[in-house]
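Residues per chain, in single letters:
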Amino acid sequence: MSRRHDPPQVGSVRRFSKAERWAHRATAVLMSVCVLTAAMLYLPLFAELIGRRALVVTVHEWSGIALPIPVLAALGSRAFRVDLGLLNRFGPHDRRWLVAVLRRDGRPGSRPAHKFNAGQKLYAAWAAGATLIMLGTGLMMWWTHLVPLEWRTAATFIHDWLALTLGVVLAGHIGMAMGDPEARRGMRTGWVTRTWAEQEHPLWRPGPRPRPDQSGERRGVR
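A brief report on the enclosed structure follows. Not measured: the values here are computed from a predicted model. (Residues numbered from 1 in each chain as written. Predicted model: local features only at pLDDT ≥ 70, side-chain atom pairs only at ≥ 80, totals over all residues. Heavy atoms only, no water.)

Before going further, it helps to examine the overall build of the chain. The helix and strand tally for the chain stands at 10 helices and 2 strands. Starting at the N terminus and walking to the C terminus, you meet the elements of the chain as β-α-α-α-α-α-α-α-α-α-β-α. A buried classification covers 32% of the 222 residues belonging to the chain. For the chain, long-range pairs separated by at least 24 residues make up 67% of all intrachain contacts whose partners lie at least 6 apart in sequence. Carbon together with sulfur atoms contributes 65% to the accessible area of the chain, which is approximately 14400 Å² in total. (Helix = DSSP H or I, 4+ residues; strand = E, 2+ residues; numbered from the N terminus. Buried < 20%, exposed > 50% of the residue type's maximum accessible area, 1.4 Å probe, protein only. Contact = heavy atoms within 4.5 Å. Areas by Shrake-Rupley, 256 points an atom, 1.4 Å probe, with all protein chains shown as cover.)

As C-alpha cells, then:
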C-alpha cells in the first residue's frame with residue numbers, strides 16, 4: 001500500500017525525518033499564535049476587533065511558554081540531533097556563501113552549501129536566541145514579584161522591540177520559503193529531488209533512496 005506522501009520512485013533523497021518535520025510544524029504553530037496574539041495586544045485596530053484582552057493575554061503567555069517544547073521533545077530523535085550539530089557548525093564554505101550573497105553573486109558554484117546553507121544557520125541561531133530572550137523577558141513581565149521594577153521595565157522594552165524584529169524576520173523567512181517549492185516539499189514530506197539537492201546544497205551527500213521491501217513499504221532511513 002502506498003502512503004499519501006511517498007516520494008517519487010526515482011530521484012528523491014531523504015532530507016528531514018518525521019520528528020524534525022513535526023517539531024518544525026509545532027514550533028511554527030506556536031510562533032504564529034504568539035505573533036498574532038501580540039498583534040492583537042499592541043495594535044489598536046486588532047484590539048478593538050477582537051476584544052477579550054484577558055483571554056488574548058493568557059493565550060499569548062502559554063503559547064510562549066510552550067514554544068521550546070517541540071524542540072526539546074525532538075531531541076529524542078537522532079536525526080534531529082545530527083542536523084542540530086550541522087546547524088551549529090560553520091566552515092569556510094559558509095563564509096564563501098555569505099560573501100557571494102552580499103555581492104549578489106549568483107554564478108553556479110559561488111554559493112557552496114552543505115545540508116544547510118549559511119543563511120539557514122544564521123537564521124536558526126538567531127531564532128533560538130530570540131526565543132530564549134523572549135521567554136525570559138516574558139516571564140519577568142508575567143511574574144512581576146520575581147524581579148525589581150527596573151528589570152521589569154528593561155524586560156518590557158526588550159520584549160516589545162525584539163517581538164517587532166522577530167515578526168519582520170519571520171516574514172522574510174516565510175517569503176523565502178514561498179519562493180522555493182522544493183524546499184517546502186522537503187519540510188512537508190521529508191523528501192527532495194536529488195537534482196535540487198545537488199544544485200542548492202552541492203556539498204551535501206545524502207544516502208541513496210531506500211528500496212521497497214516485500215510488503216511494499218519503505219524502510220526508514222535518515
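Listing the buried residues of helix α5 (residues 78-87) in full gives Ala-79, Phe-80, Asp-83, Leu-86 and Leu-87. Here the buried residues of α5 occupy an arc of 120 degrees about the axis, which is enough to place them on one side. For α5, the secondary structure elements touched by its buried residues are α1 (18-42), α4 (69-74) and α7 (118-142). Where α5 begins, one side-chain oxygen reaches toward the backbone nitrogen of Ala-79, 3.4 Å away; that side chain belongs to Ser-77. (Arc of directions from axis to C-beta. Polar contact = N/O pair within 3.5 Å; in protein donor to acceptor, adjacent residues only side chain to side chain.)

Time to look at the environment of Gly-11. Examined against the element boundaries, Gly-11 turns out to sit in the segment before β1 (12-14). Note: C-alpha distance between Gly-11 and Trp-196 (185 residues apart in sequence) is 9.8 Å. When near neighbours in sequence (up to four residues on either side) are disregarded, Gly-11 contacts Val-192, Thr-193 and Arg-194.

Our focus in this paragraph is the packing of aromatic side chains. Per the counting criterion, the structure on display carries 4 aromatic pairs. Ring geometry for Trp-142 against Trp-143: centres 4.8 Å apart, planes inclined by 5 degrees, an arrangement best described as stacked. Residue Trp-142 is classed as partly exposed on the basis of its relative accessible area of 26%. Lys-121 extends its terminal NZ or CZ atom over the ring of Phe-90, reaching a point 5.5 Å from the ring centre. (Phe/Tyr/Trp six-rings, centres within 6.5 Å; stacked < 30°, edge-to-face > 60°. Lys NZ or Arg CZ within 6 Å of the ring centre and 35° of its normal.)

Each pair of packed helices gets described by two things: the angle between the helix axes and the distance between those axes. Two elements in contact, helix α6 (residues 92-102) and α7, have axes whose closest approach is 8 Å; the angle formed by their N-to-C orientations is 95 degrees. Taken together, the axes of α6 and α7 lie roughly perpendicular to each other. Packed against α6, whose contacting residues are His-93, Asp-94, Trp-97 and Leu-98, the element α7 presents Ala-118, Gly-119, Lys-121 and Leu-122 at the interface. Per-class residue counts for the contact of α6 with α7 are 4 nonpolar, 2 polar and 2 charged. (Axes fitted to C-alpha atoms, helices over the stretch in contact; angles between N-to-C directions. Parallel < 35°, antiparallel > 145°, perpendicular 65-115°, else oblique. Nonpolar A, V, L, I, M, F, W, Y, C, P; charged D, E, K, R; others polar.)

This paragraph deals with a nonpolar patch on the surface. On the surface, a cluster of nonpolar side chains totalling about 640 Å² of accessible area is made up of Ile-133, Phe-157, Ile-158, Trp-161, Leu-164 and Val-168. If you tally residues by element for the nonpolar patch, the top one is helix α8 (residues 149-178), at 5 residues. One can find Phe-157 in helix α8. (Patch = residues over 30% accessible without salt bridge, like charges linked within 9 Å, V, L, I, M, F, W, Y side chains within 5 Å. Salt bridge = Lys/Arg side-chain N within 4 Å of Asp/Glu carboxyl O.)

Right, let's talk about the nonpolar core for a bit. Leu-30, Met-31, Ala-66, Leu-67, Ala-130, Met-134, Leu-162, Leu-166 and Leu-170 together form the largest nonpolar core, which totals 9 residues. Among the secondary structure elements, those contributing two or more residues to this core are α1, α7 and α8. Ranked by residue count, the leading element in this core is α8, at 3 residues. If near-sequence neighbours (up to four positions away) are discounted, Leu-30 is found in contact with Ser-63, Ala-66, Leu-67 and Pro-70. (Core = buried A, V, L, I, M, F, W, Y, C linked by side-chain atoms within 4.5 Å.)

Don't take any of this as a statement about function, it's just geometry.
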